[in-house]
Protein chains: 2
Amino acid sequence: MARVVRIAGAQTGPISQADPRPRTLARLIALLETAAGRGAELVVFPELAFTTFFPRLMLDDAALDSYFEPAMPNPNVQKLFDRARELGVGFYVGYAERAPDGRRFNSALLVGPDGAMLGKYRKMHLPGTVEPRPGERYQQLEKRYFAYGDLGFPVFRAPRWHDAIVGMLICNDRRWPEAWRVLGLQSVELVVLGYNSAAYDPNGGNAEDAALRTFHSKLVVQANAYMNATWAVAVAKAGVEDGAGLIGGSCIVDPNGRIAAEAQGLADEVIVADCDLDLCTQGKTKMFDFAAHRRPQAYGPIVAQAGAVAPPPSRR
Amino acid sequence: MARVVRIAGAQTGPISQADPRPRTLARLIALLETAAGRGAELVVFPELAFTTFFPRLMLDDAALDSYFEPAMPNPNVQKLFDRARELGVGFYVGYAERAPDGRRFNSALLVGPDGAMLGKYRKMHLPGTVEPRPGERYQQLEKRYFAYGDLGFPVFRAPRWHDAIVGMLICNDRRWPEAWRVLGLQSVELVVLGYNSAAYDPNGGNAEDAALRTFHSKLVVQANAYMNATWAVAVAKAGVEDGAGLIGGSCIVDPNGRIAAEAQGLADEVIVADCDLDLCTQGKTKMFDFAAHRRPQAYGPIVAQAGAVAPPPSRR
């Protein structure tokens, strides 16, 4: 008996600093309604879905606080939660979390179709720098504004979706196979993730172009889905946001690493696929039967060191 | 100053049980000469390059021994080593190794352009089963015929190739991101690997077809090359060998995960690319600056357990 969940990715176009929250919320709700109209049971929104990607800005504490949610839900987001429950649709959404103890995290929530809080994740792989790069208009200050995730890489059972085993990642996490593997070691069947990824260097440097960056984004989602025999849904905030370009490339990927659905543009857009969780079984029991084939005794350096250590140069 | 090495992949078509070794050696030497004629400084041959893929056969000890090399080089392979040195071309070659203590390994050698032995690797991720699957004509008995590799995942400096940091993998290893990561943690700049990968279930089962399996093979090489900011050269033994199909899909992949060269067919074929090792620097110092961005404190399960452990089902 197939265990099919119809899943939507709700890519958004840019959300500018000037956008009032009610307008942003209305856009997210419109995407939710479109997805529900197409029969989706789960909608995946981007990372930091309620605001501009503020880590590109140098902000003082007061300005920074305005981007953070003190609790979830709260009056600033309640309508999205309410509408989702009305429609019987669950969702993943990324947001800036201010914990009761004052710590700030780049977080994501997984909400069931009945409004139940299924799980929370706090981003582990924070890119960027603590100190602003001098002389640059656009920064990447996630290491300054957020604490590292302290919840590990948890998975959650979703009773209403055939008891699916669901894991969450956020943006840069998707480029790190360790993150996927810790989920895979918990038999994950569905990885949901949102992202904001620069399409080019907004300061005018000579870096990779948008096509290459979009290729990278899909490549890591496809390969890590395959290597862990899991479905994956990766959803962008896209387009030119406050003068800085973001890639699109939102996609739904099957456990063979094949793209089942993908976004065509850089604006608000819903993609949908029927995801049969039982398609994970083939990989999990054969090629990627971890118990039969992994060799953890050979993987020591992965946890014993953070950085790379090159062998000494040859004497020539 | 660019550090360019011109590298060839020497894909071979099938090598049958009936093929006499001199004929096989002549084919490998012809590929070597073609590669040298195109200016290659390093030629990558497949896994178990000198024989049919014998783990598909149920063999007694005496028959099994006939597939193994008691030392490298030895009179049965000497001509390849001699011709390579004459041409000033180095190579990677996979072979069945019988160690002096009698243990058998699925191994690969890296030989410099001057004939120097740069390194040896013994395959870590052995697929298949120890016991034959009853009633099946074609087996996969690597776990029966080989011991697990006991050399870790070493890298080697190659003085004649701009002091390149080279790592080796063999076949199934390429699907395991842990293997690539241990190489990446040693700043690997070039991963060379050979493979024999079934194109379909030779026993007639309803498994993935050749197109999907070839996609998988390229996907893991491309993504793991990107995620470790390294060049990768993956080379197949291809075509229908003793009644069992093998995928082709040999490719040379750059540190962005893009295919720089790929085989077109399933027969003996040489592919060539100029590999600038300095193209690894961008990834290694930015997106994949491991010291800045990895979080080994969150990766514990990767070494603490081999198999996957699913969370308990929900009570419903």
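All values derive from a computational prediction rather than experimental measurement.

1. Side note on the overall build of chain A
Link 1 in the chain: Per the secondary structure count, chain A includes 9 helices and 14 strands.
Link 2 in the chain: Relative to a compact globule of 316 residues, whose C-alpha radius of gyration would be 20 Å, chain A shows 19 Å and is just as compact.
Link 3 in the chain: The dimensions of chain A, computed from C-alpha atoms along their principal axes, are 65 × 55 × 40 Å.
Link 4 in the chain: Going through the 316 residues of chain A one by one, you find that 60% of them count as buried.
Link 5 in the chain: Long-range pairs, those at least 24 residues apart, make up 69% of the contacts in chain A with a sequence separation of at least 6.
Link 6 in the chain: Carbon and sulfur atoms make up 53% of the accessible area of chain A, which totals about 11,200 Å².
Link 7 in the chain: For chain A, the separation between the mean place of its 35 positive charges and that of its 34 negative charges on side chains is 4 Å.

2. Quick word on the relation of the copies chain B and chain A
Link 1 in the chain: Between chain B and chain A, the superposition needs a rotation of 180 degrees and an axial shift of 0.0 Å, giving an RMSD of 0.0 Å. Read as a symmetry element, the transformation amounts to a two-fold axis.
Link 2 in the chain: Taken together, the interface assignments show that 100% of the residues at the interface of chain B recur at the interface of chain A, consistent with an identical surface on both copies.

3. Quick notes on the sheet that holds strand E5 (residues 117-122) of chain A
Residue and element names in this part refer to chain A.
Link 1 in the chain: Read from one edge of the open sheet, 6 strands run E5-E4-E3-E2-E1-E14, paired in mixed fashion. Looking along the sheet, the strands with just one partner apiece sit at the ends: E5 and strand E14 (269-276). With direction set aside, neighbouring strand axes in the sheet form an average angle of 25 degrees.
Link 2 in the chain: Note: strand E2 (residues 42-44) against strand E3 (residues 90-98), 3 bridges, orientation parallel. Across the sheet, residue Val43 finds its bridge partner in E3, namely Phe91.
Link 3 in the chain: This element, helix H1 (residues 21-37), spans strand E1 (4-11), E2 and E14 of the sheet and lies at about 40 degrees to E14.
Link 4 in the chain: Its contacts with the sheet place helix H3 (residues 78-87) against E3, strand E4 (104-111) and E5, and it is angled at close to 165 degrees to E3.

4. Things to note about the sheet that holds strand E13 (residues 259-262) of chain A
All names here are of chain A.
Link 1 in the chain: An order of E6-E7-E8-E9-E12-E13 is seen for the 6 strands of this open sheet, with the pairing classed as mixed. Two strands close off the open sheet at either side, each with one partner strand: strand E6 (155-158) and E13. Across the sheet, the mean angle separating the axes of adjacent strands is 20 degrees when strand polarity is ignored.
Link 2 in the chain: In this structure, strand E7 (residues 164-170) lies alongside strand E8 (residues 190-195), joined through 5 bridges in parallel fashion. The partner of Val166 across the bridge, within E8, is Leu190.
Link 3 in the chain: Across the sheet, helix H5 (residues 177-184) is in contact with E6, E7, E8 and strand E9 (231-236); its angle to E7 comes to roughly 160 degrees.
Link 4 in the chain: Running over the sheet, helix H6 (residues 210-227) touches E8, E9, strand E12 (251-253) and E13 and is turned about 20 degrees from E12.

5. A closer look at unusual backbone geometry
Link 1 in the chain: Backbone torsion omega between Met72 of chain A and Pro73 of chain A reads -5 degrees, so that peptide bond is classified as cis.
Link 2 in the chain: We note that Ala229 of chain B has phi near 50 degrees; this positive angle belongs to a residue other than glycine.
Link 3 in the chain: For Ala229 of chain B, the location among the structural elements is in the loop between helix H6 (210-227) and strand E9 (231-236).
Link 4 in the chain: On the basis of relative accessible area, Ala229 of chain B is assigned to the buried category, the value being 1%.
Link 5 in the chain: Of note in this structure, Asp242 of chain B is not a glycine but carries a positive phi near 50 degrees.
Link 6 in the chain: Mapping Asp242 of chain B onto the fold places it in the loop between strand E10 (239-241) and strand E11 (244-246).

6. Let's talk about the packing of helix H1 (residues 21-37) of chain B against helix H3 (residues 78-87) of chain B
Two quantities define a packed helix pair, namely the angle between the helix axes and the distance between the axes.
Residues and elements named next belong to chain B.
Link 1 in the chain: Where H1 contacts H3, the axes come no closer than 10 Å and their chain directions differ by 10 degrees. It follows from the interaxial angle that H1 and H3 lie roughly parallel. In this structure, H1 meets H3 at a crossing whose hand is right-handed. Contact residues: Leu25, Leu28, Ile29, Leu32, Glu33 and Ala36 in H1; Lys79, Leu80, Arg83, Ala84 and Leu87 in H3.
Link 2 in the chain: Along the lines of polarity and charge, the residues of the contact of H1 with H3 split into 8 nonpolar, no polar and 3 charged.

7. Here we look at the interface of chain B and chain A
Link 1 in the chain: Contacts between the two partners involve 66 residues from chain B, matched on the other side by 66 residues from chain A.
Link 2 in the chain: Here chain B and chain A share an interface that buries about 6,100 Å² over both sides, 64% of which is from carbon and sulfur atoms.
Link 3 in the chain: Notably, a salt bridge pairs Arg294 of chain B with Glu178 of chain A, separated by 2.9 Å at the nearest N-O pair.
Link 4 in the chain: Connecting chain B to chain A are 32 residue pairs in polar contact (both at pLDDT 80 or more).
Link 5 in the chain: Every element with two or more residues in the side of chain B that touches chain A is listed here: strand E6 (155-158), helix H5 (177-184), H6, helix H8 (290-293) and helix H9 (301-304) of chain B.

8. Considering the confidence of the model for chain A
Link 1 in the chain: The pLDDT averaged across chain A works out to 97; a share of 99% of its residues lies at or above 70.
Link 2 in the chain: Taken over the whole predicted complex, pTM reads 0.98, whereas the ipTM for its chain interfaces reads 0.98.

9. Some words on the pattern of salt bridges
All names here are of chain A.
Link 1 in the chain: The tally for this structure, following the rule as stated, stands at 58 salt bridges over all chains.
Link 2 in the chain: In this structure, the salt-bridge partner of Glu262 is Lys218, at a minimum N-O distance of 2.6 Å. Taken together, the positions of Glu262 in strand E13 and Lys218 in helix H6 put the pair 44 residues apart, joining distant regions of the chain.
Link 3 in the chain: What makes Lys218 buried here is its relative accessible area of 16%.

10. Brief notes about the environment of His216 of chain A
Link 1 in the chain: Relative to the helices and strands, His216 of chain A resides in helix H6.
Link 2 in the chain: Residue His216 of chain A is classed as buried on the basis of its relative accessible area, which comes to 4%.
Link 3 in the chain: Distance from His216 of chain A to Ala108 of chain A, taken between C-alpha atoms, is 22 Å for residues 108 residues apart in sequence.
Link 4 in the chain: Not counting the four nearest positions on each side in its chain, His216 of chain A is found in contact with Arg175 of chain A together with Tyr226 and Asn256 of chain B.

About the cut-offs
Residues numbered from 1 in each chain as written. Chains lettered and ligands numbered in written order. Predicted model: local features only at pLDDT ≥ 70, side-chain atom pairs only at ≥ 80, totals over all residues. Heavy atoms only, no water. Helix = DSSP H or I, 4+ residues; strand = E, 2+ residues; numbered from the N terminus. Rg over C-alpha atoms; globule rule 2.2 N^0.38 Å. Buried < 20%, exposed > 50% of the residue type's maximum accessible area, 1.4 Å probe, protein only. Contact = heavy atoms within 4.5 Å. Areas by Shrake-Rupley, 256 points an atom, 1.4 Å probe, with all protein chains shown as cover. Lys, Arg positive; Asp, Glu negative; His and termini not counted. Charge placed at Lys NZ, Arg CZ, Asp CG, Glu CD. Least-squares fit on C-alpha atoms with pLDDT ≥ 70 in both. Pairing = 2+ DSSP bridges. Axes fitted to C-alpha atoms, helices over the stretch in contact; angles between N-to-C directions. Parallel < 35°, antiparallel > 145°, perpendicular 65-115°, else oblique. Left-handed = near helix turned anticlockwise from the far one by under 90°. Nonpolar A, V, L, I, M, F, W, Y, C, P; charged D, E, K, R; others polar. Buried area = accessible area lost by both parts, 1.4 Å probe. Salt bridge = Lys/Arg side-chain N within 4 Å of Asp/Glu carboxyl O. Polar contact = N/O pair within 3.5 Å; in protein donor to acceptor, adjacent residues only side chain to side chain. pLDDT = per-residue confidence, 0-100.

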